[in-house]
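Residue strings, one per chain:
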Amino acid sequence: MPEDSMTIIDNRTGVSYTLPVKNGAIRAMDLRQIKTSPEDFGLIAYDPAFMNTASCESRITFIDGDKGILQYRGYPIDQLAEHCTYLETAWLVLNGELPTESQLEDWTCEIASHAAVPDDIPRILQGFRRDAHPMSVLASLVAALSSDYPEAKNVHDPAVRRLQIVRLLAQVPTLAAYAYRHSLGLPIVPPDPSLSYTENFLSMLWKKDEPNYQANPVLARALDVLFVLHADHEQNCSTNAMRAIGSSFADPYMTMAGAIAALSGPLHGGANEEVLKMLDEIGSSDHIPAYIRKVKSGECKLMGFGHRVYKNYDPRAGIIKRIAEQVFAVTGRNPKLDIAIALEKIALEDEYFVKRKLYPNVDFYSGIIYQAMGFQPEIFTVLFAIGRNAGWLAQWQELLADPAQKIARPRQVFLGSARREFVPLDQRGAAGAAAV
Ligand code: ACO
């Protein structure tokens, strides 16, 4: 009997099967041989929400959720946050190794030279309502790039793929800034290739009449670190969307529009905006115990808490808490931080949260910093998307290079009606079914 294997006895038939175990996993397709009769389709695995199913082999990001460890390409997140720029991290995530000095210089110039978006984008932008959510505008504008770069559909051509990766990394901040200025009723500011990636983004957001916008270096670095922290997080909801859509060989713009849509939900990237709303609702530290009671009774969730993978402190939350102090030294203290810290303390001592291993996640503190920097809550998730851009693209690239991958197409366990004859309209009686 091979050592790296397992034996399953099917109690329905008494037959035993030996399945290989590789890298701590069995192949779900090996279950298919387990049948009760030759006509039987074969055993499948039922796993709503992928609680225990690996959809790919990946070499990009490692997370140990029990120990609170996060590494990109083997490098611990705290070291990258301390020493790397976002573009350096993006190179690492995409290429597997840290760039040399000259590679980083060329990469930075290349990204800056592609930051201007096609001419039709400002016209499309004008079609959106002023109060449109910037995430819906961003998803739409990213999808619109597909019509500007039709060659992008050649997803199997490595040179074409690389050019779209550069364009997306370069242009998503431009689109994000345009979406934000549109919501404020301000004219757009084109990118300035002489500025760093994050300074340029801040210039496109906040430049007024001054000839050259000078970002505060502490705030620019803090935002850059936030992008580093968000760069990848293995098979999360939006990355899974990126891979699922990418598996049909849709072009990367259409594919990323889907990932942005997935990120916008309040259980995923949209949580940072929800945390701010929650802290506003709580209002002061005195109201925390009453709010915790509401959470425990199931009336609402403690936003920014809990994670599918982390059953320990999210290492990104700890780094963000430290950055907050640097930001507040420039902007003044956001009073919401004190409410958040008090809320965290009470929650971490409460049996409900302890038992369920609910800790602050990346979104718990990020919104407080963004608000102190002057961002409106509606753009918080857009900032997340700018950072996650690198990870989505790296995962998309890895998917396309992986010979084991095919179009993503899960199975279902069908519990609906067996075959029945059609009933004409005039014979259906009065009751009918409840409307959907
Ligand atoms: N507040 C209160 N209770 C919670 C919370 C929370 N934030 N999160 C989980 N729980 C409870 C659940 O009600 C459940 O309790 P039960 O066992 O009594 O039914 C238990 O903890 C397990 O939770 P699940 O929902 O099974 O955990 P899951 O892995 O499916 O969900 C998720 C993870 C979606 C992140 C969840 O914790 C949540 O909704 N958190 C709030 C939203 C949030 O902050 N999202 C951002 C996540 S980070 C990111 O995507 C960037």
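Counting from 1, residues in each chain are numbered in the order their sequence is written. Owing to the predicted nature of the model, reporting of local features is limited to residues with pLDDT of at least 70; listing and counting of side-chain atom pairs is limited to 80 or more, with chain, interface and lining totals taken over all residues. Calculation of side-chain values draws on the structure's entire complement of heavy atoms; hydrogens and water are dropped beforehand.

Chemist: How do you make sense of the pattern of salt bridges when you look at a structure like this?
Modeler: Between side chains of opposite charge, a pair can form as their charged atoms come close. Here, a salt bridge means any side-chain nitrogen of Lys or Arg that lies within 4 Å of a carboxyl oxygen of Asp or Glu. Inspection of every chain in the model, using the stated rule, returns 17 salt bridges. Across the pair E151 and R167 runs a salt bridge, and its minimum N-O distance is 2.9 Å. A residue pair is termed long-range when its members are at least 10 positions apart, and E151 in the loop between α5 (134-148) and α6 (158-183) and R167 in helix α6 qualify at 16 residues. Taking the relative accessible area as the measure of exposure, E151 reaches 29% and is therefore partly exposed. Summary of the burial criterion: residues with accessible area below 20% of their type's maximum are buried, those above 50% are exposed, and those between are partly exposed, where the area comes from a 1.4 Å probe applied to protein chains only. The exposure class of R167 is buried, given its relative accessible area of 12%. E325 is paired through a salt bridge with R333; the nearest N and O atoms lie 3.3 Å apart. Of the residues examined, R333 reaches a relative accessible area of 43% and is grouped as partly exposed. Sharing partners across several salt bridges, the network here consists of E325, R333 and D338. Numbering goes from the N terminus for both helices and strands, where a helix is a DSSP run of H or I of at least four residues and a strand is a run of E of at least two.

Chemist: Explain the packing of aromatic side chains to me, please; I cannot follow it from the model alone.
Modeler: For any pair of aromatic rings, the description consists of the separation of the ring centres together with the inter-plane angle of the planes. Centres within 6.5 Å are what make two rings of Phe, Tyr or Trp a pair, Trp counting through its six-membered ring; a difference in plane orientation under 30 degrees is then read as stacked, over 60 as edge-to-face, and the rest as tilted. The tally for this structure, following the rule as stated, stands at 13 aromatic pairs. Centroid distance W91 to W107: 5.4 Å. Interplanar angle 75°. Geometry classified as edge-to-face. Of this pair, W91 sits in helix α2 (residues 86-95) while W107 sits in helix α3 (residues 101-113), placing them 16 residues apart in sequence. Through a chain of ring-to-ring contacts, the aromatic side chains of Y180, W206, Y370, F375 and F380 assemble into a single cluster.

Chemist: I keep staring at the nonpolar core and nothing clicks. Help me out?
Modeler: One broad rule of soluble globular proteins: the nonpolar side chains tend to lie buried together. Joining through side-chain atoms within 4.5 Å is the link that ties buried Ala, Val, Leu, Ile, Met, Phe, Trp, Tyr and Cys residues into a set, and such a set is a nonpolar core. One finds L169, F201, M278 and F375 to be the most contacted residues of the largest nonpolar core, which totals 117 residues. A per-element tally of this core places helix α17 (residues 380-401) first, with 13 residues. Excluding anything up to four places from it in sequence, F375 contacts Y180, L202, L205, W206, L223, Y370, F380 and L383. Any pair of residues with heavy atoms lying within 4.5 Å of one another is described as a contacting pair.

Chemist: Explanation requested: the environment of L358 in the structure shown.
Modeler: Its location among the elements puts L358 in the loop between α15 (351-355) and α16 (362-373). Each C-alpha atom of the pair L358 and Y313 lies 8.4 Å from the other, and the pair is 45 residues apart in sequence. When neighbours within four sequence positions are excluded, L358 is seen to be in contact with F305, G306, L348, Y352 and F353.

Chemist: Help me understand the pairing of strand β1 (residues 5-10), please; the structure alone is not making it clear to me.
Modeler: Regular strands place their side chains on alternate faces of the sheet. Here, strands pair whenever DSSP counts at least two bridges between them. Bridge count for β1 against strand β2 (residues 15-20) is six bridges, and the pairing is antiparallel. Of the residues in β2, the one forming a bridge with M6 is L19. Taking the residues between adjacent antiparallel strands as the criterion, β1 and β2 are bridged by four residues, where G14 takes a positive phi near 80°.

Chemist: What am I meant to see in the sheet that holds strand β5 (residues 75-76) here?
Modeler: Pairing between the strands of a sheet is mediated by backbone hydrogen bonds and can be parallel or antiparallel. Strand order across the open sheet formed by three strands is β3-β4-β5, with antiparallel pairing between neighbours. A strand with exactly one partner marks an edge of an open sheet, and here the two such strands are β3 (61-64) and β5.

Chemist: What's the story with the site of the ligand in this structure? I'm lost.
Modeler: Near residues are defined by distance, with any heavy atom within 4 Å of the molecule or strand qualifying the residue. As a matter of local geometry, the ligand sits amid 20 residues, with H268, K301, L302, G304 and R308 nearest to it. Counting of polar contacts relies on pairs of N or O atoms within 3.5 Å, with two restrictions inside protein: one atom must be capable of donating a hydrogen and the other of accepting it, and residues adjacent in sequence are counted only when both atoms are side-chain atoms. Separating an oxygen atom of the ligand from a side-chain N or O atom of H268 is a distance of 2.8 Å. A distance of 2.9 Å separates a nitrogen atom of the ligand from a polar backbone atom of F305. Charged residues are taken to be Asp, Glu, Lys and Arg, nonpolar residues to be Ala, Val, Leu, Ile, Met, Phe, Trp, Tyr, Cys and Pro, and polar residues to be all remaining types, Gly included. The residue makeup of the shell around the ligand, split by class, is eleven nonpolar, five polar and four charged.

Chemist: Mind showing me how you'd approach the pairing of strand β4 (residues 69-72) here?
Modeler: Here β4 shows a clear split, with L70 and Y72 buried on one side and none of I69 and Q71 buried on the other. Of the pairings in the sheet, the one linking β3 to β4 comprises four bridges and is antiparallel in character. What sits directly across from T61, in β4, is Y72. Counting the residues that bridge the hairpin from β3 to β4 gives four residues, and of these G68 lies at a positive phi of roughly 70°. Examined bridge by bridge, β4 and β5 share two bridges and lie antiparallel to one another. In the strand pairing of β5, Y72 is matched with Y75.

Chemist: Would you mind showing me how to read the environment of G306 here?
Modeler: By secondary structure assignment, the location of G306 is in the loop between α12 (288-296) and α13 (315-331). Put simply, G306 and V166 are 140 residues apart on the chain and 34 Å apart in space, counted from C-alpha to C-alpha. The residues touching G306, leaving out its near neighbours within four places in the chain, are L358, Y359 and N361.

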